[in-house]
Amino acid sequence: MSETLKEALERITKGETVALATIVETKGSTPREVGAKMLVGKDGLIVGTIGGGITEAKVIEEVKQSLKEGKGKLITYHLTKEQAALDEGAICGGDMKIFIDVLQPKEEVLIFGAGHIAICVSRLAKMVGFKVTVVDSRREFANQDRFPDADEIIAEDTEKALTHLKITPSTYIIVLTRGHLKDEEVLGSVIKSGAAYIGMIGSRKKNSTVFQHLEEQGISAQELKEVHAPIGVDIGAQTPEEIAVSIMAEIIQVRKQKEIQ
């Protein structure tokens, strides 16, 4: 595997969205051959080259636009003799087709708690394309029979589970444990994780108490402000199924906002 592809894999594993620009066709004299690759992040070039110079600079701008839109495209560049002279390795004009592929990490819904609402959330999250992981120390609740749609079920306590869970900017955390003390424990453990979304179930009064305790433990008011609590879009949901719909609606909303940033 080339260094460019290795770097792409590492970035995606960390939850980063990147784009791979690959020369797929050339005609005449061009700076690089077919197959040359360049990896680009939202801030610019990461690794690799398709020839340097003004052509590469223009391609990087195209790639940034693709990253913003979240979709790839095929572009064609014609190098005049004057332009080619400014690019490395090109001594006369030529044509170059470049395919831009946007590489996005698999988005994951991480559910803490394995009760009735969690079952419904797991099903809906899978339906809309998320990887689903469920964490609950109770094996009689956290099992494949109850969560047939989940990709991973971890029957461990929060502290142990977090030692091997990978939380990235593509992770959406839902706190649905069996009580407010457990919710507080989970929220305190994940609030600084860098997840795309953290939501916690509960009444405003209960959540206010949890937030007060966490502030006393050193969590800032600004960090707590980022938590979606009460969780979900306010649609007057009452049943586990309705609450799951409200939660996933909010997550989809956050995901869409993230895509256009």
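First things first, this report covers the structure right here in the doc.

Calculation notes
- Residues numbered from 1 in each chain as written.
- Predicted model: local features only at pLDDT ≥ 70, side-chain atom pairs only at ≥ 80, totals over all residues.
- Heavy atoms only, no water.
- Axes fitted to C-alpha atoms, helices over the stretch in contact; angles between N-to-C directions.
- Helix = DSSP H or I, 4+ residues; strand = E, 2+ residues; numbered from the N terminus.
- Parallel < 35°, antiparallel > 145°, perpendicular 65-115°, else oblique.
- Left-handed = near helix turned anticlockwise from the far one by under 90°.
- Contact = heavy atoms within 4.5 Å.
- Nonpolar A, V, L, I, M, F, W, Y, C, P; charged D, E, K, R; others polar.
- Phe/Tyr/Trp six-rings, centres within 6.5 Å; stacked < 30°, edge-to-face > 60°.
- Buried < 20%, exposed > 50% of the residue type's maximum accessible area, 1.4 Å probe, protein only.
- Lys NZ or Arg CZ within 6 Å of the ring centre and 35° of its normal.
- Expected span 1.5 Å × (residues − 1).
- Pairing = 2+ DSSP bridges.

## With respect to the packing of helix α6 (residues 180-190) against helix α7 (residues 204-216)
Contact geometry for α6 and α7: axes closest at 10 Å, N-to-C directions at 50 degrees. On the basis of their axis angle, the class for α6 and α7 is oblique. Where α6 crosses over α7, the two elements pack in a sense that is right-handed. From α6, H180, D183, E184, L187 and G188 reach across to α7, where they touch K206, V210, F211, H213 and L214. Each residue belonging to the contact of α6 with α7 can be placed in one class, and the counts come to four nonpolar, three polar and three charged.

## Side note on the packing of aromatic side chains
Here the structure, examined in full by the defined rule, presents two aromatic pairs. Ring centres of F130 and Y172 lie 5.4 Å apart, and the angle between their planes is 75 degrees; this geometry places the pair in the edge-to-face category. Of this pair, F130 sits in the loop between α4 (116-127) and β7 (131-135) while Y172 sits in strand β9 (residues 171-175), placing them 42 residues apart in sequence. Here the two residues F130 and Y172 agree in accessibility, since each one is buried. In this structure an aromatic cluster arises from ring pairing among F130, Y172 and Y197. Geometry around F141 places R138 over its ring, the cationic atom sitting 3.9 Å from the centre.

## Section: α4
For α4, with 12 residues, the first-to-last C-alpha span of 17 Å sits near the 16 Å given by 1.5 Å per residue. Burial in α4 covers these residues: I117, A118, I119, C120, V121, S122 and A125. Where α4 ends, the next residue or the one after it, G129, has phi of about 100 degrees, a positive value.

## Examining the sheet that holds strand β8 (residues 152-154)
Strand order across the open sheet formed by five strands is β8-β7-β6-β9-β10, with parallel pairing between neighbours. Each end of this open sheet is capped by a strand with a single partner; those strands are β8 and β10 (197-200). Direction aside, neighbouring strands of the sheet carry axes that sit 15 degrees apart on average. As paired elements, strand β6 (residues 108-112) and β9 share five bridges and run parallel to each other. Its bridge partner being in β9, F112 is matched across the sheet by V175. Here α4 sits on the sheet and contacts β6, β7 and β9; the angle it forms with β6, its principal contact strand, is near 175 degrees.

## Observations concerning the sheet that holds strand β1 (residues 18-28)
Strand order in the open sheet made by the five strands is β3-β2-β1-β5-β4, with antiparallel pairing throughout. The open sheet has two free edges, formed respectively by β3 (44-48) and β4 (73-79), since each of these has just one partner strand. Between one strand axis and the next, the sheet turns through 30 degrees on average, direction left out of account. With respect to the sheet, helix α1 (residues 3-13) is in contact with β1, β2 (37-41), β3 and β5 (94-103), its orientation differing from that of β2 by roughly 25 degrees. Relative to the sheet, helix α2 (residues 53-69) contacts β1, β2, β3, β4 and β5, its axis offset from that of β4 by approximately 160 degrees.

## A word on the environment of I117
Counting through the fold element by element, I117 comes out in helix α4. C-alpha of I117 to C-alpha of E7: the two residues are 110 residues apart in sequence and 39 Å apart in space. When neighbours within four sequence positions are excluded, I117 is seen to be in contact with L176, I201, P240, I243, A244 and I247.

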